[in-house]
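# Working through the structure, step by step
In case you want the letters, here they are:
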Amino acid sequence: MDYLITKWKIWYNSLDVNHDGTISMEDVEESRQKFTSLHHLAADQGKKVEKNFEEWWNKYIFRGKTGNISQDEFVDALKKQFSADKAKFVNEMTECFNTFFDVIDTNKDRSISEDEFLIAFKAYGHENVALDSKFFQAYNPIDGLVPLRKIVESWIQFVTSEDSSITDVVKNAFEAGV
Ligand SMILES: [Ca+2]
Ligand SMILES: [Ca+2]
């Protein structure tokens, strides 16, 4: 499970939006505010997105904890769930990233454009546009678009696959500095 644990730690770090070393409500606030303002969302749509963000963080990241969660707590929770029932874990992660990228796909065309991708990563505190853009290009976009499915699958692989012989675009991107 070492390989997975390495990746779960990367996932945890990627969600530390304000880079203070821990995941707290401040990261939720910062990510959703940036996301809403970068997309210039209208008030009602902004409200919906803010609610979606909070529900997602609570369900998949804080997992019943309130206020903040340490990297150890996060990794332990995933470890327990993965060990208890791998199929259920994969289902939950599928739902997790379906929900996540459904919000990121703001124009609802079931594709992620480079703009949508860059805004999402910026909102999550990954401000290096050159690296974010390289990450997007790793999905081999066609006419500037990547099917939502393809991105969701790469994240499911990232958090559930124990096979280190398969190229992991998400892991590679974060290790390259995203
Ligand atoms: Ca933080
Ligand atoms: Ca889209």
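The shown structure was predicted, so the numbers you read here are calculated from the model rather than taken from an experiment.

### Observations regarding the overall build of the protein
A tally of helices and strands in the protein yields 9 helices and 4 strands. Along the chain direction, N to C, the helices and strands of the protein fall in the order α-β-α-α-β-α-α-β-α-α-β-α-α. Scaling as 2.2 N^0.38, a compact globule of 178 residues should have a C-alpha radius of gyration of about 16 Å, and the protein matches this with 15 Å. Projecting the C-alpha coordinates of the protein onto the three principal axes gives extents of approximately 40 × 35 × 30 Å. Counting across all 178 residues of the protein, residues that qualify as buried make up 24%. Intrachain contacts of the protein at a sequence separation of at least 6 include 65% that bridge at least 24 residues.

### Side note on the UniProt feature "domain: EF-hand" (unreviewed entry) in the protein
Feature annotation in UniProt assigns "domain: EF-hand" (unreviewed entry) to the following positions: residues 3-38 and 92-127. Helix makes up 64% of residues 92-127 and strand makes up 8%, while its end C-alpha atoms are separated by 29 Å.

### Side note on the environment of Glu 175
Structurally, the position occupied by Glu 175 is in helix α9 (residues 169-175). Classification of Glu 175 as exposed rests on a count of 11 C-beta atoms within 10 Å. In sequence terms Glu 175 and Ile 10 are 165 residues apart; their C-alpha atoms lie 8.4 Å from each other.

### A word on the nonpolar core
If you look at the biggest cluster of nonpolar residues, it comprises 34 residues, and the most contacted ones within it are Trp 8, Ile 112 and Ala 120. Considering every element that reaches this core, the biggest residue donor is helix α8 (residues 148-160), with 5 residues. Once residues lying within four places of it in the same chain are set aside, the contact partners of Trp 8 are Phe 74, Val 75, Leu 78 and Val 159.

### Things to note about helix α6 (residues 114-123)
Turning to α6, its buried residues number three or more, namely Glu 116, Phe 117, Ala 120, Phe 121 and Ala 123. In a view along the axis of α6, the buried residues occupy a sector of 160 degrees, so they form one face of it. Buried positions along α6 lie against α2 (25-38), α5 (86-104), β3 (111-113) and α7 (129-137). Backbone geometry just after α6 places Gly 125 at a positive phi near 85 degrees.

### Some words on unusual backbone geometry
Positive phi outside glycine occurs at His 40, with the angle close to 50 degrees. Relative to the elements of secondary structure, His 40 occurs in the loop between α2 and α3 (43-62). The class for His 40 is exposed, based on 8 C-beta atoms found within 10 Å. The phi dihedral of Arg 110 is positive, around 65 degrees, even though this residue is not glycine. Looking at the element boundaries, Arg 110 is found in the loop between α5 and β3. Look at Arg 110 and you get exposed, because 12 C-beta atoms sit within 10 Å.

What counts and what doesn't
- Residues numbered from 1 in each chain as written.
- Chains lettered and ligands numbered in written order.
- Predicted model: local features only at pLDDT ≥ 70, side-chain atom pairs only at ≥ 80, totals over all residues.
- Helix = DSSP H or I, 4+ residues; strand = E, 2+ residues; numbered from the N terminus.
- Rg over C-alpha atoms; globule rule 2.2 N^0.38 Å.
- Buried ≥ 20, exposed ≤ 12 C-beta atoms within 10 Å, placed from the backbone.
- Contact = placed C-beta atoms within 7 Å.
- UniProt positions renumbered as here; feature names shortened; annotations may be inferred.
- Core = buried A, V, L, I, M, F, W, Y, C linked by C-beta atoms within 7 Å.
- Arc of directions from axis to C-beta.

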